[in-house]
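# Descriptive analysis of the structure
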Amino acid sequence: MAGAIARAACFRNGACLLYGWRRLRLTASCMTEPAIRIDNLVKRYAGSRGEEGKLALKGVSFDVPRGQIFGLLGPNGAGKSTIINILAGLVVKTDGDASIWGFDITRHPRNAKRSIGIVPQEIVFDPFFTPFEVLENQAGFYGIPKGERRSEELLAAVRLSDKRDAYARTLSGGMKRRLLIAKALVHSPPILVLDEPTAGVDVELRRQLWELVTELNAQGVTVVLTTHYLEEAEALCDRIAIINHGELIADKPTRELVEMTREKVVRISVDRDIDAPLREPFFRKVDAIGERTVEITYDRDEATAGQVLALVQRHGYAIEDVTTREADLEDVFVRLTSMGAGAP
Ligand SMILES: Nc1ncnc2c1ncn2[C@@H]1O[C@H](COP(=O)(O)OP(=O)(O)OP(=O)(O)O)[C@@H](O)[C@H]1O
Ligand SMILES: [Mg+2]
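Along each chain, residue indices are assigned from 1 in the same order as the chain's sequence is written. Chain letters start at A and ligand numbers start at 1, both assigned in the order the entries are written. Reporting of local features is limited, given that this is a predicted model, to residues whose pLDDT is at least 70; pairs of side-chain atoms are given and counted only at 80 or more, and all residues count toward the totals for whole chains, interfaces and linings.

### Examining the sheet that holds strand 14 (residues 283–288)
- One bridge is not enough; two strands pair if DSSP finds at least two bridges between them. We count a stretch as a helix when DSSP gives it H or I for four or more residues in a row; a strand needs E for two or more, and each element gets its number in order from the N terminus. Strands sit in the order 14-15-13-16 across an open sheet of 4 strands; the sheet is antiparallel. Because the sheet does not close on itself, it has two edges, and the strands there are strand 14 and strand 16 (319–326). Pairs of neighbouring strands in the sheet enclose a mean axial angle of 20 degrees, with direction left out of account. Structural elements are reduced to axes, namely lines fitted to C-alpha atoms, with helices fitted over the stretch in contact, and the angle between N-to-C directions of any two is expressed from 0 to 180 degrees.

Right under this line is the structure:
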């Protein structure tokens, strides 16, 4: 479905095929740049009535490699949208640098903006425009001549052709989000940034959105997304950066990040109520799941599941059921963000 959108966004033989982009000269050095470079970025929001203001970014640096799906994760208020809004030109940085597709956002703001399509966290539309008009207006904003616009094609790609002439205010939340994605793709940018694209979206639509993202990426579009669904980040992203309280606390390929933890979890059901805490030196964590079920976290370098079971039996319980699982991104995320700043 996304093939048509992405086709125009692809770069063949290093040349940009896009209308409106022809004036963009991509030099050899530019082509070796990462898709996005964030260098020691600082943002302090102004305070009101003499207050100090919020230091939302405390010197964040990371690169988004070209061609990847890159996840930017972090708890509420970590600074994710601040980074994205700085890239979008909606928030002015306090210090540091950022470049998009090799273009510095301060020195070459026009080229930087043309290289990126951003789907903001907040849904904002003029409610009286139709989806078709929203896309046409956006194309006009980018100076794309009428004959070269792809509004119909984009509406079809996000499955909104039947809503072409409806007022935007009559669209459902999920439809509005899809329209925002089409709007971000109007100028066929090589980078698409999605800030919480699946927040409040039903399971089926979420699946469709991820399909769209994966297809776009397969066609060569670099994708950056923020999400609170860690399972999805783990499944979709090639690389993940985690920020917490305005500081970068991890930036690694997804697989490496998940493997950072040596922890394993074993869930054990026993034959009678557990009346006293199960304490052993290499039990990292013991969570009561029910009267007779516990989840024990241990380090796989220190013990085996068999040893864990033997210790539980030594406390006088007969084991009735056992399941084990590897730690996942959620475990790593919780561990890193609860450690505060300074983690790897
Ligand atoms: N316009 C603003 N003025 C003052 N403070 C702001 C402004 N925008 C954001 N902040 C503050 O900056 C910090 C980072 O906010 P930001 O929106 O970047 O977080 P986030 O990681 O996107 O969070 P969420 O997951 O909830 O979307 C928060 O403490 C927030 O309250
Ligand atoms: Mg946000």
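### Some points on the sheet that holds strand 4 (residues 54–64)
- One open sheet accounts for 4 strands, arranged 4-3-6-7; its pairing is antiparallel. Sheet topology places strand 4 and strand 7 (103–104) at the edges, where each strand pairs with a single neighbour.
- In the sheet, strand 3 (residues 36–45) pairs with strand 6 (residues 95–100) via 5 bridges, with the strands oriented antiparallel. Within strand 6, the residue paired with Ile38 across the bridge is Ala98.
- With C-beta atoms placed from the backbone, a contact is any residue pair whose C-beta atoms sit within 7 Å. Docked against the sheet, helix 3 (residues 80–88) engages strand 3, strand 4 and strand 6, running at close to 110 degrees with respect to strand 3.

### What to know about the site of ligand 1
- Every residue lining ligand 1 is accounted for by Tyr45, Lys54, Ala56, Gly74, Asn76, Gly77, Ala78, Gly79, Lys80, Ser81, Thr82 and Gln121.
- Contributions of two or more residues to the shell around ligand 1 are made by strand 4 and helix 3.
- Residue contributions to the shell around ligand 1 peak at 3 residues, all from helix 3. Only the C-beta atom matters for this test: placed from the backbone, it must lie within 6 Å of a molecule or strand for the residue to be near it.

### Quick notes on helix 7 (residues 173–184)
- In a helix, the anticipated span is given by 1.5 Å times the number of residues less one. When the terminal C-alpha atoms of helix 7 are compared, their 17 Å separation across 12 residues agrees well with the 16 Å that a helix rising 1.5 Å per residue should span.
- Buried, partly exposed and exposed are defined by the number of other C-beta atoms within 10 Å of a residue's own C-beta, namely 20 or more, between the two limits, and 12 or fewer respectively, with C-beta atoms placed from the backbone. Three or more residues of helix 7 are buried, namely Arg177, Arg178, Leu179, Leu180, Ile181, Ala182, Lys183 and Ala184.
- Check the buried side of helix 7 and you find it contacts strand 8 (116–119), helix 5 (131–141), helix 6 (151–157), strand 9 (191–195) and helix 8 (203–218).

Coordinates in, geometry out; function isn't part of it.
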